[in-house]
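What follows is each chain in one-letter form.
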Amino acid sequence: MDFRYFSMPTDDEFEKLLIRMNPPRVTVDNSSSKTDTLIKVDGANRRGILLKMVQTLIDMNIIINRAYISSDGEWFMDAFGFQALRRSIGVEVESILEHTTIELTGKDRPGLLSEIFAILADLKCNVLAAEVWTHNSRMASVLYITDEATKLPINNPEHLAKIKQLLFYILRGDIENKSGGVDANTAVVSVGSTHKERRLHQMMYANRDYDTCDEDCNGSTSDESNKKKPIVTVDYCADKVYTVVNLRCLDRPKLLFDAVCTLTDMQYVVYHGTAIAEGPEAYQEYYIRHIDGYPISSEAERQRVIHCLEAAIKRRTSEGIQLEFCCEDRVGLLSDVTRIFRENGFSVIRAEVTTRDCKAMNVFYVADAYGAPVKTETIEAVRKEIGFTILHVKNNDNNNNNNVMNAFSSSKDTTPQESGTFSLSNLFKMRSVKFFCKSFMGSFS
């Protein structure tokens, strides 16, 4: 039997007609579960629809506790459970009206973010919003800027070319690879919007942050980091000719999006899946095939999927001390703040920059230049320089964090069946679609 993914070529207008004839049906159910609100979506199946649904939910700041996915055929039927909306210090970048988008990738180093913001300030660029990720010695960032004078997107070709040239110079630094060229650095400037979090995943993936060589060579794998390391397995399901991906790690917001985004961008189709977050850990299971319809066929490809999913999880992991910054916005503010960070030995691991009602509302995750926790006296000195009412330290309950990690570590050897975690492997033995649907929706009760 040929299990290849089958899709008849259709033009855009015909696809639009099919969508209009069979629009997705969305229902919100507050009665099936005592604890969760349940969103059920079903409709005509098309490639990428799962990622679009998850992306829409996370853009609404919804924390998904449970998800059940089924799309094996011409139709899909998915359900998502959540308890409340996540409260955020900032606002979504997409709410900003008009801006110029800057995408940067390169080798990470202490002080790099400060240099980037300093260049933008010198070029009279106002940073409305930004998100910066670092992982495995790589950096990726998406920034939204306007012209300081006009408060409009920057359209002048010469100005755009100068921004790109200077940013690329900063990213290049003095580091060259063995072939004589510069490290994998890019500086892209465009006018318009992009989904920042998906682009960050794509940029980090293109920069090969999933390559574990840097971490291994630096000897940074300690017992503490091993406790935090996600568990990803990729196996073959002979009965249904799928590849089965299982993922277990400490739970955090947007984990489902990160996994689905990575699988989609790696050209895999999720046919069935389940995701459950209970207590400190999250469990996800996906039945996938490549877009050509075949499961993973080699050990090298299997290892690549494992490493890419591990990297996708760790990119957004909130390591370091969380600092929340809030004050009146002005051009050059980010340059000044990150300069103070750099002068005091802070290395910015991750950053979320937003602007609302002329106020800068930013979050920085910082460590020292070696990745170790910053000393309390150093943090207080920085707060004194910036302002105690402006820069706040987010409470970090170290004892609670250790308890969470220990609880996760002690459960690593427990299989999903032993811990009572829902698994799709049992459902695939059922032949009745009605019974499957009933079990599917009843699992939230």
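Values in this document were obtained by computation on a predicted structure and should not be read as measured data.

Colleague: Looking at this structure, I do not really get the overall build of the protein. What am I missing?
Modeller: In terms of helices and strands, the protein carries 14 helices and 16 strands. Counting the 445 residues in the protein, one finds 47% classified as buried. Considering only contacts in the protein between residues 6 or more positions apart, those separated by 24 or more positions represent 73%. Carbon and sulfur atoms form 52% of the exposed surface of the protein, whose accessible area is close to 22500 Å².

Colleague: Even after reading the chapter, I still don't get the environment of Leu-250, so can you show me in this structure?
Modeller: Residue position: Leu-250 is located in strand E10 (residues 242-250). Accessibility expressed as a relative area gives 22% for Leu-250, which makes it partly exposed. The spatial distance from the C-alpha of Leu-250 to the C-alpha of Pro-280 is 5.8 Å, given a sequence separation of 30 residues.

Colleague: Whenever I open this one, the pattern of salt bridges confuses me. Can you help?
Modeller: Any two side chains of opposite charge can pair, so long as their charged atoms come close to each other. Tallied over the entire structure, the rule returns 18 salt bridges. When the shortest N-O distance is used, the salt bridge between Arg-252 and Asp-258 registers 2.7 Å. Accessibility assignment for this pair places Arg-252 and Asp-258 in one class, buried. The residue Asp-336 makes a salt bridge to Arg-330 at a minimum N-O spacing of 2.8 Å. Salt bridges sharing common partners tie together Glu-197, Arg-252, Lys-254, Asp-258 and Arg-316.

Colleague: Looking at this structure, how should I read the packing of aromatic side chains?
Modeller: Working definition: an aromatic ring pair is given by the centre-to-centre distance plus the angle between the planes. On inspection of all chains with the given rule, the structure shows five aromatic pairs. Considering the side-chain rings of Tyr-242 and Tyr-271, the 5.7 Å spacing of their centres and the 50° angle between planes classify their relative orientation as tilted. You can see Tyr-242 sitting in strand E10 and its partner Tyr-271 sitting in strand E11 (residues 268-278), a full 29 residues away along the chain. Each member of the pair, Tyr-242 as well as Tyr-271, is classed as buried. Through successive ring pairs, a cluster of aromatic residues spans Tyr-242, Tyr-271 and Tyr-287. Residue placement shows Arg-289 over the ring face of Tyr-271; its charged tip is 4.7 Å from the ring centre.

Colleague: I keep staring at the nonpolar core and nothing clicks. Help me out?
Modeller: Where a protein is soluble and globular, its nonpolar side chains tend to be buried together. Ile-116, Leu-120, Ile-163 and Phe-341 are the most contacted members of the largest nonpolar core, which totals 45 residues. Tallying contributions element by element places helix H3 (residues 112-122) first for this core, with six residues. By size, the runner-up hydrophobic cluster in this structure holds 44 residues, among which are Val-270, Val-305, Ile-306 and Ile-313.

Colleague: Just checking my understanding: could you explain the pairing of E11 for this structure?
Modeller: For a regular strand, the rule is simple: side chains alternate between the two faces of the sheet. Counting buried residues along E11, ten of its eleven residues qualify, which places the element largely inside the surrounding structure. As paired elements, strand E3 (residues 62-70) and E11 share five bridges and run antiparallel to each other. Paired with Ser-70 across the bridge in E11 is His-272. Examined bridge by bridge, E11 and strand E12 (residues 281-290) share ten bridges and lie antiparallel to one another. The partner of Tyr-268 across the bridge, within E12, is His-290. Where E11 folds back onto E12 in an antiparallel hairpin, the turn is made up of two residues, including Gly-279, whose phi is positive at roughly 70°.

Colleague: Sorry, what's going on with the side chain of Thr-134 here?
Modeller: Tracing the backbone shows Thr-134 in strand E6 (residues 125-135). The buried category is assigned to Thr-134, whose relative accessible area is 12%. In this structure the side chain of Thr-134 is engaged in a polar contact, spanning 2.6 Å, whose partner is the backbone oxygen of Ile-349. The residues touching Thr-134, leaving out its near neighbours within four places in the chain, are Asp-108, Met-139, Met-204, Arg-315, Val-348 and Ile-349.

Colleague: Is there a simple way to explain the pairing of E6 in this structure?
Modeller: For E6, the buried fraction is high: eleven of the eleven residues fall into the buried class. Sheet topology places E6 next to strand E7 (residues 138-147); ten bridges connect them, and they run antiparallel. Of the residues in E7, the one forming a bridge with His-135 is Arg-138. Counting the residues between successive antiparallel strands, the hairpin from E6 to E7 contains two residues, one of them, Asn-136, with a positive phi of roughly 55°. Strand direction decides the pairing type here: E6 and strand E14 (residues 346-356), joined by four bridges, are antiparallel. Residue Trp-133 lies in a different strand from E14, and its bridge partner there is Arg-350.

Colleague: In this structure, what is going on with the packing of helix H8 (residues 255-265) against helix H9 (residues 299-315)? I would like to understand it.
Modeller: A pair of packed helices is characterised by two quantities: the angle between their axes and the separation of those axes. Running from N to C, H8 and H9 point in directions that differ by 145°, and their axes come no closer than 9 Å. Pair H8 / H9 crosses with right-handed handedness. Facing Leu-255, Asp-258, Ala-259, Thr-262 and Leu-263 of H8, the residues of H9 in contact are Cys-308, Leu-309, Ala-312 and Ile-313.

Colleague: Mind showing me how you'd approach the packing of H3 against helix H10 (residues 333-343) here?
Modeller: Here H3 crosses H10 at 150°, and the two axes come no closer than 8 Å. Judged by the angle between their axes, H3 and H10 are roughly antiparallel. For the pair H3 and H10, the sense of crossing is left-handed. Here Leu-113, Ser-114, Phe-117, Ala-118 and Ala-121 of H3 come into contact with H10, specifically with Leu-334, Ser-335, Thr-338, Arg-339 and Arg-342. Grouping the amino acids of the contact of H3 with H10 by side-chain chemistry returns five nonpolar, three polar and two charged.

Colleague: Looking at this structure, I do not really get empty space enclosed by the protein. What am I missing?
Modeller: Counted according to the given criterion, the structure contains five cavities of 30 Å³ or more. Along its surface, the largest cavity is lined by 16 residues, and Ile-64, Asp-251, Arg-252, Leu-255 and Leu-256 are the ones closest to its centre. For the lining of the largest cavity, the secondary-structure elements that each account for two or more residues are E3, H8, E11 and E12. Classifying every residue of the lining of the largest cavity by side-chain character gives eleven nonpolar, two polar and three charged.

About the thresholds
- Residues numbered from 1 in each chain as written.
- Predicted model: local features only at pLDDT ≥ 70, side-chain atom pairs only at ≥ 80, totals over all residues.
- Heavy atoms only, no water.
- Helix = DSSP H or I, 4+ residues; strand = E, 2+ residues; numbered from the N terminus.
- Buried < 20%, exposed > 50% of the residue type's maximum accessible area, 1.4 Å probe, protein only.
- Contact = heavy atoms within 4.5 Å.
- Areas by Shrake-Rupley, 256 points an atom, 1.4 Å probe, with all protein chains shown as cover.
- Salt bridge = Lys/Arg side-chain N within 4 Å of Asp/Glu carboxyl O.
- Phe/Tyr/Trp six-rings, centres within 6.5 Å; stacked < 30°, edge-to-face > 60°.
- Lys NZ or Arg CZ within 6 Å of the ring centre and 35° of its normal.
- Core = buried A, V, L, I, M, F, W, Y, C linked by side-chain atoms within 4.5 Å.
- Pairing = 2+ DSSP bridges.
- Polar contact = N/O pair within 3.5 Å; in protein donor to acceptor, adjacent residues only side chain to side chain.
- Axes fitted to C-alpha atoms, helices over the stretch in contact; angles between N-to-C directions.
- Left-handed = near helix turned anticlockwise from the far one by under 90°.
- Parallel < 35°, antiparallel > 145°, perpendicular 65-115°, else oblique.
- Nonpolar A, V, L, I, M, F, W, Y, C, P; charged D, E, K, R; others polar.
- 1 Å grid on protein atoms, 1.4 Å probe; cavity = no way out; pocket = protein on both sides within 12 Å on 5 of 7 lines; lining within 4 Å.
- Points joined across faces, edges and corners; volume = space filled by probe spheres on them.

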